[in-house]
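Coordinate inspection notes
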Amino acid sequence: MTFNIQVAVDSADPHKQADWWAETLGWIVEPTDQEFVSDMIARGYASDEDTIIHNGVRVWKPGAAICPGSESGERGRRRILFQAVPEPKTTKNRVHWDVDLAGEDKDEARARLEARGAKFLHDGREGPHIWYAMADPEGNEFCIS
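The paragraphs below set out a description of the structure included in this document. (Residues numbered from 1 in each chain as written. Predicted model: local features only at pLDDT ≥ 70, side-chain atom pairs only at ≥ 80, totals over all residues. Heavy atoms only, no water.)

1. Digging into helix H2 (residues 34–42)
Note the cut-off: Side-chain atoms alone can form a polar contact between residues adjacent in sequence; in general such a contact is a pair of N or O atoms within 3.5 Å, and within protein one must be able to donate a hydrogen while the other accepts it. Secondary structure elements are taken from DSSP: a helix is a run of H or I of four residues or more, a strand is a run of E of two residues or more, and numbering for both begins at the N terminus.
Sitting at the amino-terminal end of H2 is Asp 33, which places a side-chain oxygen 3.1 Å from the backbone nitrogen of Glu 35. Following H2 by one or two positions, Gly 44 adopts a phi angle in the positive range, close to 85°.

Written out as structure tokens, the structure reads:
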């Protein structure tokens, strides 16, 4: 038997992080079922304080997830969940992700990411393979190659 996983990322602002990473990867922010949210509030399982308005839509306050658009709603989809935590990031990540640019120019991708709030950390090399280590707007490390 095999299992699927999702990656969960602690975030100061999970909705902004989800927006940033969805744009970076060409994925989508998973839509929030507005009827479900309203029903949960009406039935007492949640309150208005459990939600916020983000990009004009009521969403769950504690988190947001992204996935490839073609997999939206599918069980076992690739998924990154950004969840709110009260404390700031303080040290290097023990896990990071590598973004395969599918042949796109690394320098152009780096410039676009920096223009959107990413920070260049250093370049890396292993034999002929070269990559850039970056940090997203909240300081989470990732690599592009």
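2. Topic: the sheet that holds strand S2 (residues 28–29)
Note the threshold: Whether two strands pair depends on DSSP finding at least two bridges between them. Contact criterion: two residues are considered in contact whenever any of their non-hydrogen atoms come within 4.5 Å of each other. Only the stretch in contact is used when fitting a helix axis, every axis being a line fitted to C-alpha atoms; angles between N-to-C directions are given from 0 to 180 degrees.
If you trace the 4 strands from one edge of the open sheet to the other, you get S1-S6-S5-S2, paired in mixed fashion. Single-partner strands in this sheet number two, and they are strand S1 (7–11) and S2. The sheet contact formed by strand S5 (residues 63–67) and strand S6 (residues 80–84) spans 4 bridges and is antiparallel. Opposite Gly 63, over in S6, you have Gln 83 as the bridge partner. Where helix H1 (residues 14–25) meets the sheet, it contacts S1, S2, S5 and S6, and its direction lies at approximately 10° from that of S5.

3. A short note on the layout of surface pockets
Applicable threshold: Detection works on a 1 Å grid of protein atoms alone, calling trapped sets that fit a 1.4 Å probe cavities and calling open sets with protein on both sides within 12 Å along at least five of seven lines pockets, with lining residues defined by an atom within 4 Å of a point. Grid points are joined across faces, edges and corners, and a volume is the space filled by probe spheres set on the points. Three residue categories are used. Nonpolar comprises Ala, Val, Leu, Ile, Met, Phe, Trp, Tyr, Cys and Pro, charged comprises Asp, Glu, Lys and Arg, and polar comprises the others, including Gly.
By volume, the largest pocket is sized at about 380 Å³. Examining the composition of the lining of the largest pocket, we find that 5 residues originate from one element, S1, more than from any other. Considered class by class, the residues forming the lining of the largest pocket number 8 nonpolar, 3 polar and 5 charged. Taken together, 20 residues line the second largest pocket, and the ones lying closest to its centre are Val 29, Glu 30, Pro 31, Thr 32 and Val 59. Looking at the lining of the second largest pocket, the elements that each hand over two or more residues are H1, H2, strand S4 (57–60) and S5.

4. Here's the deal with the pattern of salt bridges
Spelled out, the test is: The salt bridge criterion pairs a side-chain nitrogen of Lys or Arg with a carboxyl oxygen of Asp or Glu, the two atoms within 4 Å. A 1.4 Å probe rolled over the protein chains alone gives each residue an accessible area, and that area as a share of the maximum for its type sets the label: buried under 20%, exposed over 50%, partly exposed in between.
Tallied over the entire structure, the rule returns 9 salt bridges. A salt bridge links Asp 39 to Arg 43; the shortest N-O distance between them is 3.3 Å. The salt bridge partner of Glu 71 is Arg 78, with a shortest N-O separation of 2.6 Å. Owing to a relative accessible area of 47%, Arg 78 belongs among the partly exposed residues under this scheme. The structure contains a network of salt bridges with shared partners spanning Glu 30, Arg 77 and Arg 79.

5. Re H1
We apply this condition: Here a helix's expected span is defined as the number of its residues, less one, multiplied by 1.5 Å.
With 12 residues, H1 extends 16 Å from end C-alpha to end C-alpha; this agrees with the ideal 16 Å at 1.5 Å per step. Here H1 has its buried residues at Pro 14, His 15, Gln 17, Ala 18, Trp 20, Trp 21, Ala 22 and Thr 24. One or two positions beyond H1, positive phi appears at Gly 26, with a value near 75°.

6. Overview of the packing of aromatic side chains
Basically, it comes down to this: Pairing of aromatic rings covers Phe, Tyr and Trp, the last through its six-membered ring, and needs centres within 6.5 Å; plane angles under 30 degrees mean stacked, over 60 mean edge-to-face, and all others mean tilted. Over a ring means this: the NZ of a Lys or the CZ of an Arg is within 6 Å of the ring centre and within 35 degrees of the ring normal.
One pass over the full model with this rule turns up 5 aromatic pairs. With a centroid separation of 5.0 Å and an interplanar angle of 80°, the aromatic rings of Trp 20 and Trp 21 are classed as edge-to-face. By relative accessible area, which is 7% here, Trp 20 ends up buried. Under the relative-accessibility criterion, Trp 21 is labelled buried at 0%. A connected cluster of aromatic rings, assembled from ring pairs, spans Trp 20, Trp 21, Trp 97 and Phe 142. Residue placement shows Lys 106 over the ring face of Tyr 132; its charged tip is 5.9 Å from the ring centre. A cation sits over an aromatic face here: Arg 110 above Tyr 132, 5.4 Å from the ring centre.

7. Quick look at the pairing of strand S8 (residues 119–126)
Relative to strand S9 (residues 129–135), S8 is paired through 7 bridges, and the arrangement is antiparallel. Residue Gly 124 lies in a different strand from S9, and its bridge partner there is Trp 131. Where S8 folds back onto S9 in an antiparallel hairpin, the turn is made up of 2 residues, including Gly 127, whose phi is positive at roughly 60°.

Honestly, it's all geometry; don't read function into it.
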